[in-house]
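Coordinate analysis (summary)
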Amino acid sequence: DLAPLTHRLTVIEDPPARGQPPLDCLLARGATLGSCALPVTRIDAATYSSVRREARTAHAGYVRTRRWFCARALCPSVVGTMITYRDSTHITLTYARVLARPLAAAMAVTIRG
């Protein structure tokens, strides 16, 4: 719907939502980094593919962000030494600051085309 309104349009992929805030998981009795990592489900993967396809159809750029949250279809609660999410759907300010440059670089690539 937005494509006709602008010369350049970029869709930024949503990071995967979490069913439980990571801090709650990490503080639970017996929790491990492995038990607090969530898989990318088939439904999630299909949704990402569908949005990417729609962006291509609209001749929009597409920034893949899932790679900054997941590896090999598994999304850990901690990347390096940082907790990635502050709740089920919002990333921490610390992790957002770390991702600012990679996001800017990815956006520049989509704008150049």
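See the structure above.
Residues numbered from 1 in each chain as written. Predicted model: local features only at pLDDT ≥ 70, side-chain atom pairs only at ≥ 80, totals over all residues. Heavy atoms only, no water.

**Section: the state of the cysteines**
Tallied over the full model, the rule gives two disulfides. Between the sulfur of Cys25 and that of Cys36 lies a disulfide, 2.1 Å long from S to S. Its S-S torsion of about -100° marks the bond between Cys25 and Cys36 as left-handed, since a negative value means left-handed. Linking Cys25 in helix α1 (residues 22-27) with Cys36 in the loop between α1 and β2 (38-39), this pair joins segments that are eleven residues apart in sequence. Summarising the burial analysis for this pair, Cys25 and Cys36 share the class buried. (Disulfide = S-S within 2.5 Å. Helix = DSSP H or I, 4+ residues; strand = E, 2+ residues; numbered from the N terminus. Buried < 20%, exposed > 50% of the residue type's maximum accessible area, 1.4 Å probe, protein only.)

**Notes on a positive patch on the surface**
Together, Arg53, Arg56, Arg64 and Arg67 make up a positively charged patch on the protein surface. Its place among the elements puts Arg64 in the loop between β3 (61-63) and β4 (74-75). (Patch = residues over 30% accessible without salt bridge, like charges linked within 9 Å, V, L, I, M, F, W, Y side chains within 5 Å. Areas by Shrake-Rupley, 256 points an atom, 1.4 Å probe, with all protein chains shown as cover. Salt bridge = Lys/Arg side-chain N within 4 Å of Asp/Glu carboxyl O. Lys, Arg positive; Asp, Glu negative; His and termini not counted. Charge placed at Lys NZ, Arg CZ, Asp CG, Glu CD.)

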